[in-house]
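Spelled out from the first residue to the last, the chains are:
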Amino acid sequence: MKHSKCGLLLVIAAAGLAACGGDPTDSFKETQEQIIADPGSLFLDQGASTFVTAEVHDAQGNQLPSVIEASNIGSGITVVKDTAFLQTTNGSKLPNRERFIVTAVTPGIATFTLSSGSINQDIAVRVVPTSIAATFSNPAPAVNEAITITAPSGFKFGPNATVATVAGGGFITGFAADSTSITALIPPGSAGPVTLGGLTADFLPGVELTLDTSDPVAAGTTGLAGTDAPGTAPEIPVPALDGTVNFFDAGAFTGADITGDGGLGAQYYKIVVTEAGNYHFVTNWT
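Since the structure is predicted, the reported quantities are computational estimates derived from the model, not experimental observations.

Strand order in this open sheet of 4 strands is 2-9-8-5, and the pairing throughout is mixed. One side of each edge strand has no neighbouring strand; the edge strands of this open sheet are strand 2 (41–45) and strand 5 (69–71). Neighbouring strand axes in the sheet, compared pairwise and without regard to direction, differ in orientation by 30 degrees on average. Where strand 8 (residues 108–116) lies against strand 9 (residues 119–128), 9 bridges are found, and the strand directions are antiparallel. Within strand 9, the position partnered with Phe 112 by the bridge is Ile 123.

What follows is the structure, encoded as structure tokens:
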């Protein structure tokens, strides 16, 4: 009796399997096609190139042999199909995958469209500049002459802004209210591009850039030379109330070692006060 029941169960199970025959995902095959691009968006330095591969998938994730073309190519980039890419097929004369070469030309955001029949996929490309055309109020400042550096449209100076040249780091003495310009001292002996750090671009929110300027700046060759005695010290102008005077120093530090620490000797500068009152000066030397 037990053997008979087991046989009956086996027959019923076999019948159930026969009734459920076929692939339950057949209805998804070759439906809801979409273009899958790798990568799906790009950050590219100006002048750089990279590859984007693309293939068509159905709702089940199967590759569908298809011809894919690039169109609606925005200004600032170029996109061409990579004819050297080794394509494969899957029993079809159409390729499984295509590859495109994207080249960044002009800073900004651009897009292009990948299409296969009626299927489209937009790809965003953010072109990161490698230099900018900043404007200098004086491209040949005297030593310790503060100049205004204005960023081009779409760029601003962030709170971490810096300025430097091949001669060393400069000093930022002020920011414009709208952060589009700074006032800075350029190191003596500077020649060539100025490197600006802490820049932000409207099309790259949250990203700080360090960029060279495309125009050179030439500054005086030596700083303000101090002397070894008070009587011959050069004059530093009195700052405005709550103001600051910045300058690059120079000199041999040959005065007496007034600190007694065996380090460099003293170097003297002077401030001439012409109005009565209480003055409080704070100095800082890097």
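Still more ground to cover, so stick around.
The next subject is the packing of aromatic side chains. The full count for this structure, using the stated rule, is 4 aromatic pairs. Measuring from ring centre to ring centre gives 6.0 Å for Tyr 279 and Phe 281, while their planes differ by 5 degrees; the resulting arrangement is stacked. We classify Tyr 279 as partly exposed; its relative accessible area is 39%. Residue class for Phe 281 comes out partly exposed when judged on its relative accessible area of 36%. Between the NZ or CZ atom of Arg 99 and the centre of the ring of Phe 51, over which it lies, the distance is 3.8 Å.

Moving on: the pattern of salt bridges. If you walk through the whole model with that rule in mind, you get 4 salt bridges. Between Lys 81 and Glu 69 there is a salt bridge; the shortest N-O distance is 3.2 Å. With Lys 81 in strand 6 (residues 77–81) and Glu 69 in strand 5, the pair connects residues that are 12 residues apart, well separated along the chain. Judged by relative accessible area, Lys 81 falls into the partly exposed class, the value being 28%. Take Glu 69: its relative accessible area is 41%, and that puts it in the partly exposed class. Of the charged contacts in the structure, one is a salt bridge between Lys 81 and Glu 98, with a shortest N-O distance of 3.3 Å. Taken together, the positions of Lys 81 in strand 6 and Glu 98 in strand 7 (residues 98–104) put the pair 17 residues apart, joining distant regions of the chain. Exposure remark for Glu 98: the relative accessible area of 2% places this residue in the buried category.

Thresholds applied
- Residues numbered from 1 in each chain as written.
- Predicted model: local features only at pLDDT ≥ 70, side-chain atom pairs only at ≥ 80, totals over all residues.
- Heavy atoms only, no water.
- Pairing = 2+ DSSP bridges.
- Helix = DSSP H or I, 4+ residues; strand = E, 2+ residues; numbered from the N terminus.
- Axes fitted to C-alpha atoms, helices over the stretch in contact; angles between N-to-C directions.
- Phe/Tyr/Trp six-rings, centres within 6.5 Å; stacked < 30°, edge-to-face > 60°.
- Buried < 20%, exposed > 50% of the residue type's maximum accessible area, 1.4 Å probe, protein only.
- Lys NZ or Arg CZ within 6 Å of the ring centre and 35° of its normal.
- Salt bridge = Lys/Arg side-chain N within 4 Å of Asp/Glu carboxyl O.

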